[in-house]
Amino acid sequence: MDFQKPKGTLDFLPGTVEKWQYVERKARDLSRRFNYREIRTPIFEYTQLFQRGVGETTDIVQKEMFSFQDMGGRGMTLRPEGTAGVVRAYVENKLFGEPDVAKLFYIGPMFRQERPQAGRYRQFHQFGIEAIGSVEPAIDAEVIAFGLQFFEDIGLKGTSVEINSVGNAASRAAYNETLLAFLNPMRDTLCKDCQSRIDRNPLRVLDCKVDQDKFEGAPSILDSLDEESRTHFEAVQSNLQGMGVEYTINPRLVRGLDYYTLTAFEFKTKSGIGAIDTIGGGGRYNKLVAEVGGPDQPGIGMAIGMERLQLLLADQQTEIETEPPLDVYLIALGDKADAEITKQLHKLRRLGFSAERDYLGRKMKAQMKSADRLQARYTAILGDDELERGEIAVKSMETREQVTVPLENLAAALK
């Protein structure tokens, strides 16, 4: 049998992985500058966490989760998104007992049973941040600004952000009545998913990808915001303006998860990936911590799809900063020299050099070609005669200049 990777997954090979490492380095550096600390949670959780946290009426819970039973008959699910697991860890480990806002970031794989296409996979990776413990509009603005700064840092062009407020519970209840009055006359013409959601969560209907053309005249949730929600949204905008962050208000933006309250936003790109122009997004989840068993603590977060970033960076031919090439490639000519090269190789690596040697018994010409392919800065050539004299030849692969140095001074010469 010829084994192949599962449908909707990708292999990341050397040459590609370095591009991912570049983006991850930028993500970690930006998190440090904004004072977000890394958190790592399991890639599977109890199914009920996502049912309760993400929402029963979402596409994720209804159609897309990879769920299974463990040996004890307990329902488990590969995480389809990162926030629910981070909030569970926040509650379980009592991070709410710390005096400051919990500012956390994660990078890792997520899993959804989607129809694979460019930029949409069954195993995909997200970089996300969460700020739990503050309801201040300033931190909403910080999270939005963080995302835009990240795109700038990695060299991605043509990005923008759309924002909205989905209101608090009172505002949403008022809006649901107005929205139902708009949707009920067309109920029978809507897709099956919309018909099942219209009574349980009418706001979810606006997120439908099938019937979008029917919602052109839908009432705006902004007209239903109460004073608390409106004041919060205006303060978020004021903070963004003070930071010089450009944004567009999209009153139909609701996001695809049930836990959002107040601020919601999406990052867009002009170029897009096929029909996909969203590369990330997030919002507030002021009731989620309590929903998963913790105290009534507000939170806000965002996540960015890493595969989509890679496709866009490649499409824009963005120059990627990669790790330096190999410092030195050691070549042995003779059995005694071969034994010494093994010692020298280990010594150089312990001193911090990136170093390699031949393990295929090839001739010197083939070894030099290997050094070229690996982009070695230098080759160090040792024969049995040089070994007896305690010397080694060091050759610059850029200038092709070659010098002979004492073997004991090889590391100093390479520096």
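Just so you know, these numbers come straight off a predicted model, no measurement behind them.

## Points about the overall build of the protein
Reasoning step 1: The helix and strand tally for the protein stands at 15 helices and 16 strands.
Reasoning step 2: Against the compact-globule benchmark of 22 Å for 415 residues, the protein has a radius of gyration of 28 Å, which places it well outside the compact range.
Reasoning step 3: The principal-axis extent of the C-alpha atoms belonging to the protein is close to 90 × 55 × 40 Å.
Reasoning step 4: Each of the 415 residues in the protein was classed as buried or not, and the buried ones make up 49%.
Reasoning step 5: Relative to all contacts within the protein whose residues are 6 or more apart in sequence, the contacts with residues 24 or more apart total 69%.
Reasoning step 6: In the structure as shown, the protein presents an accessible area of about 21,200 Å², 48% of it carried by carbon and sulfur atoms.
Reasoning step 7: Mean positive and mean negative side-chain charge positions of the protein (54 and 62 charges, respectively) differ by 4 Å.

## Considering helix H6 (residues 169-183)
For the α-helix, the turn length of 3.6 residues means that residues three or four positions removed from each other point alike.
Reasoning step 1: In this model, H6 (15 residues) spans 20 Å end to end at C-alpha, consistent with the 21 Å of a helix rising 1.5 Å per residue.
Reasoning step 2: Among all positions of H6, only Ser171, Arg172, Tyr175, Leu179 and Leu183 are buried.

## A few points about the layout of surface pockets
Reasoning step 1: In this model, the second largest pocket occupies a volume close to 520 Å³.
Reasoning step 2: Taken together, 24 residues make up the lining of the second largest pocket; nearest its centre are Ala169, Arg172, Tyr260, Thr261 and Lys287.
Reasoning step 3: Of all the secondary-structure elements, those providing two or more residues to the lining of the second largest pocket are helix H2 (47-53), H6, helix H8 (202-205), helix H9 (227-243), strand E9 (261-273) and helix H10 (288-291).
Reasoning step 4: Partitioning the lining of the second largest pocket into residue classes produces nine nonpolar, eight polar and seven charged.

## Comments concerning the packing of aromatic side chains
Reasoning step 1: Counted under the stated rule, the structure contains 11 aromatic pairs.
Reasoning step 2: Here Phe127 and Phe146 contribute two aromatic rings whose centre-to-centre distance is 5.9 Å and whose plane-to-plane angle is 45°, an arrangement assigned as tilted. Taken together, the residues Phe127 in strand E6 (residues 123-132) and Phe146 in helix H5 (residues 137-154) connect sequence positions 19 residues apart.
Reasoning step 3: An aromatic cluster of at least three residues, connected via ring pairs, comprises Phe34, Tyr36, Phe105, Phe127, Phe146, Phe150, Phe151, Phe265 and Phe267.
Reasoning step 4: Across the ring face of Tyr359, the terminal group of Arg357 is positioned such that the distance to the ring centre comes to 5.1 Å.

## Describing the pattern of salt bridges
Reasoning step 1: This model, assessed by the stated rule, comprises 23 salt bridges.
Reasoning step 2: Between Asp153 and Arg33 there is a salt bridge; the shortest N-O distance is 3.0 Å. Within this pair, whereas Asp153 is found in helix H5, its partner Arg33 is found in helix H1 (residues 17-33), the two being separated by 120 residues in sequence.
Reasoning step 3: As a salt-bridge pair, Arg349 and Glu356 come within 3.4 Å of each other at their nearest N and O atoms.
Reasoning step 4: In this structure Glu356 comes out as partly exposed when scored by relative accessible area, which is 24%.
Reasoning step 5: Connected through shared salt-bridge partners, Asp29, Arg32, Arg33 and Asp153 make up one network.

## Here we look at the packing of H5 against H9
Reasoning step 1: Two elements in contact, H5 and H9, have axes whose closest approach is 8 Å; the angle formed by their N-to-C orientations is 50°. In this view, H5 runs oblique relative to H9, as classed from their interaxial angle. Of the two possible hands of crossing, H5 and H9 adopt the one that is right-handed. Together, Pro137, Ala138, Asp140, Ala141, Glu142, Ile144 and Ala145 of H5 and His232, Ala235, Val236, Asn239, Leu240 and Met243 of H9 make up the contact between the two elements.
Reasoning step 2: Along the lines of polarity and charge, the residues of the contact of H5 with H9 split into nine nonpolar, two polar and two charged.

## Points about helix H11 (residues 306-315)
Reasoning step 1: The element H11 is largely enclosed, with a buried count of seven among its 10 residues.
Reasoning step 2: All of the buried residues in H11 are Met306, Glu307, Arg308, Leu309, Gln310, Leu312 and Leu313.
Reasoning step 3: Positioned one or two residues after H11, Gln317 has a phi angle of 55°, which is positive.

How each quantity is defined
Residues numbered from 1 in each chain as written. Predicted model: local features only at pLDDT ≥ 70, side-chain atom pairs only at ≥ 80, totals over all residues. Heavy atoms only, no water. Helix = DSSP H or I, 4+ residues; strand = E, 2+ residues; numbered from the N terminus. Rg over C-alpha atoms; globule rule 2.2 N^0.38 Å. Buried < 20%, exposed > 50% of the residue type's maximum accessible area, 1.4 Å probe, protein only. Contact = heavy atoms within 4.5 Å. Areas by Shrake-Rupley, 256 points an atom, 1.4 Å probe, with all protein chains shown as cover. Lys, Arg positive; Asp, Glu negative; His and termini not counted. Charge placed at Lys NZ, Arg CZ, Asp CG, Glu CD. Expected span 1.5 Å × (residues − 1). 1 Å grid on protein atoms, 1.4 Å probe; cavity = no way out; pocket = protein on both sides within 12 Å on 5 of 7 lines; lining within 4 Å. Points joined across faces, edges and corners; volume = space filled by probe spheres on them. Nonpolar A, V, L, I, M, F, W, Y, C, P; charged D, E, K, R; others polar. Phe/Tyr/Trp six-rings, centres within 6.5 Å; stacked < 30°, edge-to-face > 60°. Lys NZ or Arg CZ within 6 Å of the ring centre and 35° of its normal. Salt bridge = Lys/Arg side-chain N within 4 Å of Asp/Glu carboxyl O. Axes fitted to C-alpha atoms, helices over the stretch in contact; angles between N-to-C directions. Parallel < 35°, antiparallel > 145°, perpendicular 65-115°, else oblique. Left-handed = near helix turned anticlockwise from the far one by under 90°.

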